[in-house]
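Here is how the chains run, residue by residue.
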Amino acid sequence: MYDGLKGFREFYPGEMSARRELTDTVEERIRRYGFREIGTPALERTQMYVDKSGEEITEELYAFEDKGGRSVSLTPELTPTVARMVVETGGELSKPIKWFSTRAFWRYEQVQQGRFREFYQTNVDIFGSERPEADAEILAVAADTLGDLGLSAEDFEFRVSHRDILGGLLESLDSDVETADAIRAVDKQEKIDREEYHELLVEAGLTRGEAERFDKVLGTDDLDDLVTFAGTDRVEAAVENLRAVLEAAADFGVRDHCTISLETARGLDYYTGVVFECFDTAGEVSRSVFGGGRYDDLIEGFGGQPTPAVGVGIGHETLSLLCQRAGVSPEEATETDYYVLTVGDTRDVAAEIARDLRELGHVVEGDLNDRGFGDQLSYADGIGAETVVVVGEQDLAEDCVTIKDMTSGEQTQVPLEGFPPSEGRPTYDDYGG
């Protein structure tokens, strides 16, 4: 007997039907915004991730040498791959390019609530627009997707910030600050106590007084306070851009979902502008549900022409947790519309009826184990069949079949000719009245 690997999960039919419904709902809304689905490889060259994130990233990768002697990794995220794909088009595609995909990713990390070593994510990206409307559209498609899943404004919020605000505030300090380390400290601040947070800022180069003043200004409700604190064009421009994105979000109908949260830093290093994270307002999902933002430098970093970009990665594991918390999870159930039950030598007629019902778009099963009448009926009940069509030798002798409603137990004979009809979903109620 073999055990499954830690952090890798299997999904049985009921669970999988719920996951499929969630995925279909997410993708249907994304398509309505004009995003086109792409397919991407499971393996990439390890060096691509090292160049982007440094050698330490290999500790999180499923990296190995393939039979051709190449160092490759199972993809831990999608953005570098789509950046490479955009570069490979050589500028041939009309902009903005709007792509999405849903697929599995792999990271070797500590397994915890909503985080596994194999996980599924829907990525949505816009390439070729620097306008605030592009950022707002990403926010809108994410919010509309959550609404389609049955979540309300009381269930989630988008915490929105701007990477240049944090960087600009730190840059304006007198001390020699390691900006990347300080931003990572900000990204961790909700998970640690205040003293430890301030200590991390000091380790990044701030004085104790600067750390306290920096912490205080991040909590302001007035964006003008940031401009005054920094006194730099960089922060002023970032604040102006953030305001423009929020104004566009209002026009897109999603401003009420957005809360300015300057502590939202996003862990990934390639973000350059507005960033956001989705959180469970009840606080029962212990981490962000998903996040996204603008990454205008990545395409150029992969050898392409300067190309603005913005996107979001919607993690299905944490999204499922949010739906569970809010009581709107898709039902874990499989459905069978019809079971075609055979009695005697009637397989040819039963098979034709089953084919006709399937052509009408229904889920249909039949006997594959040469069971008797009672065992077939028990099986039909076990799979949740709504209607059983009994095709027996006696029925056929009378040019009929029997329709049985599995909920009420009522049944009636109907003429074989014309069954099933050319459209619709025939049940006992259509014939038994």
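The structure this text deals with has already been given above.
The rules behind these values
- Residues numbered from 1 in each chain as written.
- Predicted model: local features only at pLDDT ≥ 70, side-chain atom pairs only at ≥ 80, totals over all residues.
- Heavy atoms only, no water.
- Pairing = 2+ DSSP bridges.
- Helix = DSSP H or I, 4+ residues; strand = E, 2+ residues; numbered from the N terminus.
- Contact = heavy atoms within 4.5 Å.
- Axes fitted to C-alpha atoms, helices over the stretch in contact; angles between N-to-C directions.
- Parallel < 35°, antiparallel > 145°, perpendicular 65-115°, else oblique.
- Nonpolar A, V, L, I, M, F, W, Y, C, P; charged D, E, K, R; others polar.
- Salt bridge = Lys/Arg side-chain N within 4 Å of Asp/Glu carboxyl O.
- Buried < 20%, exposed > 50% of the residue type's maximum accessible area, 1.4 Å probe, protein only.
- Core = buried A, V, L, I, M, F, W, Y, C linked by side-chain atoms within 4.5 Å.

**With respect to the sheet that holds strand 6 (residues 118-127)**
Taking strand neighbours across the sheet as the criterion, the eight strands line up as 1-5-6-11-10-9-7-8 in an open arrangement whose pairing is mixed. Only two strands of the sheet have a single neighbouring strand rather than two, namely strand 1 (36-37) and strand 8 (258-260). Its contacts with the sheet place helix 4 (residues 132-148) against strand 5 (97-106), strand 6, strand 7 (156-162), strand 8, strand 9 (274-280), strand 10 (290-294) and strand 11 (309-315), and it is angled at close to 165° to strand 7.

**Some thoughts on the packing of helix 8 (residues 208-218) against helix 9 (residues 223-230)**
Helix-helix packing: each pair is described by the crossing angle between the helix axes and the interaxial distance. Following both chains from N to C, one finds helix 8 and helix 9 inclined at 150°, their axes separated by 9 Å at the closest point. Overall, the two elements helix 8 and helix 9 adopt an arrangement that is roughly antiparallel. Counted together, Arg213, Phe214 and Val217 of helix 8 and Asp225, Leu226 and Phe229 of helix 9 form the full contact between these two elements. Looking at side-chain class alone, the contact of helix 8 with helix 9 contains four nonpolar, no polar and two charged residues.

**A short note on the pattern of salt bridges**
Counted according to the given criterion, the structure contains 32 salt bridges. Close ionic contact of Asp148 with Arg29 constitutes a salt bridge, the shortest N to O distance being 2.7 Å. A residue pair is termed long-range when its members are at least 10 positions apart, and Asp148 in helix 4 and Arg29 in helix 1 (residues 13-32) qualify at 119 residues. Taking the shortest distance from any N to any O, the salt bridge between Arg131 and Glu133 comes out at 3.1 Å. Judged by its relative accessible area of 34%, Glu133 falls in the partly exposed class. Among the ionic contacts, a cluster of salt bridges with common partners joins Lys52, Glu60, Glu77 and Arg107.

**Focus: the nonpolar core**
Membership of the largest hydrophobic core comes to 67 residues, with the highest contact counts inside it found for Phe158, Leu169, Leu206, Phe214, Leu226 and Phe290. For this core, the element with the highest residue contribution is helix 4, accounting for nine residues. For Leu169, the contacting residues outside a window of four places in its chain are Phe214, Val217, Leu218, Leu226, Phe229, Ala230 and Val235. If you look at the next biggest cluster of nonpolar residues, it comprises 18 residues, including Val86, Trp99, Tyr271 and Ile299.

These values are about where atoms sit, not about what they do.
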